[in-house]
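# Structural overview for review
Listed below are the residues making up each chain.
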Amino acid sequence: MISHFNFFQFCFSVCFGFFSGIAINFLRIRIPEAIIYNDKILLAELLGKKVKNNIRKFKFFDRFWHKSTSLYMGFLFALIAILFFLYFHFSTKTLILFVLLSALVLLALIDFFNGYLPDVITMPLMWLGLFIQLSPSLRTVGLESSVIGIFTGYLSLLLINLIYFLFKKRSGVGYGDIKLMAMLGAWYGPYPLPSILFLASILGLIWHLKDLDFSKIKSSSSFPFGPYIVFVSVFYLVTMK
């Protein structure tokens, strides 16, 4: 059943969604830039202070507004927020689930454009998913299922990666994907994870087969898997009502 808003809830949804969209666009750009900057600092420390001093100081919150894309993302997420709060009903738990949705979209965008899933997002989200299970009004699966879900999500992909490594002598799954599955386990518990992983694999395979040139394929070919895990997990999020 779709609930209805009062005026305050409608305004809050629009404002919160609009700000979330702008924040997603900002973090999608700045987090990879911050990681690159830290890598340069680490390299400079290894080579000497003189190189370090030549690196321009990085200000994370510089250029918060990124042209028209910030506006587009803001309006898009304002609309998504309205539909989300209408569907789930307006509550603190719905607000937390919308934060999860926003973070999943952010992870998918970073993985799509930059090819990795940063720990600075997945790890806090995993702990948040575990923490909310302590509250009866906020929990999604319960504390026991959340803990089992973390281990199931992490160990399942880790085992697949180890088996692949034994045959190919290289990793077949990124550790960011492994941590993403552990994070989803904290929110969803262990039972949906095999379905999410299977459907994400099928979706990724179908999407990339259409552009695959078998004459040029290499054993080292890879593609970001995170966006497909996120895509399927968002659909599962809708069923958590």
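Below or above, wherever it landed, is the structure these notes cover. Numbering of residues begins from 1 in every chain and follows the order in which that chain's sequence is written. The predicted nature of this model means local features are confined to residues of pLDDT at least 70 and side-chain atom pairs, given and counted, to a pLDDT of 80 or more, with totals for whole chains, interfaces and linings taken over all residues. Only hydrogens and water are removed before side-chain values are computed, so all heavy atoms of the structure are retained for them.

## Re the overall build of the protein
Heads up, the rule is: The secondary structure listing takes helices from DSSP runs of H or I that are at least 4 residues long and strands from runs of E that are at least 2 residues long, numbered from the N terminus. Residue exposure (1.4 Å probe, protein chains only): buried if accessible area is under 20% of the type maximum, exposed if over 50%, otherwise partly exposed. For this analysis, residues touch if any pair of their heavy atoms sits within 4.5 Å. Residue exposure ignores everything except the shown protein chains as possible cover, and the areas themselves are Shrake-Rupley values with a 1.4 Å probe.
For the protein, the helix and strand inventory stands at 9 helices and 0 strands. Buried residues in the protein amount to 40% of all 241 residues. When contacts within the protein are restricted to residue pairs at least 6 apart in sequence, long-range pairs at least 24 apart make up 74% of them. In the structure as shown, the protein presents an accessible area of about 14,400 Å², 71% of it carried by carbon and sulfur atoms.

## Comments concerning the environment of Leu-27
For Leu-27, the location among the structural elements is in helix H1 (residues 7–47). For the pair formed by Leu-27 and Ile-110, sequence separation is 83 residues and the distance between their alpha carbons is 8.8 Å.

## Topic: the packing of helix H6 (residues 143–168) against helix H7 (residues 175–188)
Worth spelling out the cut-off: To obtain each axis, a line is fitted to C-alpha atoms, and for helices this fit is confined to the stretch in contact; angles are then taken between N-to-C directions over 0 to 180 degrees. Note that the term roughly parallel is reserved for angles under 35 degrees, roughly antiparallel for angles over 145, roughly perpendicular for angles of 65 to 115, and oblique for everything else. Rotating anticlockwise by less than a right angle from the far helix to the near helix defines a left-handed crossing, while the corresponding clockwise rotation defines a right-handed one. Here the term charged refers only to Asp, Glu, Lys and Arg, the term nonpolar to Ala, Val, Leu, Ile, Met, Phe, Trp, Tyr, Cys and Pro, and the term polar to all other amino acids, Gly among them.
Running from N to C, H6 and H7 cross one another at 160°; their axes reach a closest spacing of 6 Å. The orientation of H6 relative to H7 falls into the category roughly antiparallel. At the point where H6 passes H7, the crossing takes the right-handed sense. Counting all contacts with H6, which are made through Ser-145, Ser-146, Gly-149, Ile-150, Gly-153, Tyr-154, Leu-157, Leu-158 and Asn-161, the residues of H7 involved are Tyr-175, Asp-177, Ile-178, Lys-179, Met-181, Ala-182, Gly-185 and Ala-186. In terms of residue class, the contact of H6 with H7 is built from 9 nonpolar, 6 polar and 2 charged.

## Brief notes about unusual backbone geometry
Although it is not a glycine, His-89 sits at a positive phi angle of roughly 80°. Inspection of the secondary structure puts His-89 in the loop between helix H3 (67–88) and helix H4 (92–114).

## Regarding the packing of aromatic side chains
Stated precisely, the cut-off is as follows: Stacked, tilted and edge-to-face are the three classes applied to pairs of Phe, Tyr and Trp rings, where Trp contributes its six-membered ring and a pair requires centres within 6.5 Å; stacked means planes under 30 degrees apart, edge-to-face means over 60, and tilted covers the rest. In this scheme, the term charge over a ring applies when either NZ of a lysine or CZ of an arginine sits within 6 Å of the ring centre and within 35 degrees of the ring normal.
A full pass over the atoms with the stated rule returns 15 aromatic pairs. Put simply, the rings of Phe-8, Phe-12, Phe-16, Phe-77, Phe-84, Phe-85, Tyr-87, Phe-88, Phe-90 and Phe-98 touch in pairs and so form one group of aromatic residues. Sitting over the ring of Phe-113, Arg-28 keeps its end group 4.7 Å from the ring centre.

## Observations regarding the nonpolar core
Our working definition: Residues belong to a common nonpolar core when they are buried Ala, Val, Leu, Ile, Met, Phe, Trp, Tyr or Cys residues joined through side-chain atoms within 4.5 Å.
Leu-180, Met-183, Leu-184, Trp-187 and Tyr-188 are the most contacted members of the largest nonpolar core, which has 50 residues in total. At the level of elements, H1, H3, H4, helix H5 (119–131), H6, H7, helix H8 (193–209) and helix H9 (226–238) are the ones that each hand at least two residues to this core. Broken down by element, this core gets its largest block of residues, 11 residues, from H4. If sequence neighbours within four positions are ignored, Met-183 has contacts with Leu-100, Leu-104, Leu-107, Thr-122, Leu-125 and Met-126.

## Concerning a nonpolar patch on the surface
What counts here: Candidate patch residues must exceed 30% relative accessible area and have no salt bridge, after which like charges are joined if within 9 Å and Val, Leu, Ile, Met, Phe, Trp or Tyr side chains if within 5 Å. Salt bridge, as used here, is a side-chain nitrogen of Lys or Arg placed within 4 Å of a carboxyl oxygen of Asp or Glu.
A contiguous nonpolar surface patch, about 800 Å² in accessible area, is contributed by Phe-131, Leu-134, Leu-143, Val-147, Phe-151, Tyr-154, Leu-155 and Tyr-175. Of all the elements, H6 adds the most residues to the nonpolar patch, at 5 residues.

## Here's the deal with the pattern of salt bridges
Under the counting rule described, the total for this entry stands at 2 salt bridges. Between Glu-33 and Arg-30 there is a salt bridge, with its nearest N and O atoms 2.4 Å apart. Of this pair, Glu-33 and Arg-30 both sit in helix H1, 3 residues apart, roughly one helical turn. Of the charged contacts, one joins Lys-179 and Asp-119 as a salt bridge, the two residues approaching to 2.8 Å between their closest N and O atoms. A residue pair is termed long-range when its members are at least 10 positions apart, and Lys-179 in helix H7 and Asp-119 in helix H5 qualify at 60 residues. The exposure class assigned to Asp-119 is partly exposed, which follows from its relative accessible area of 36%.

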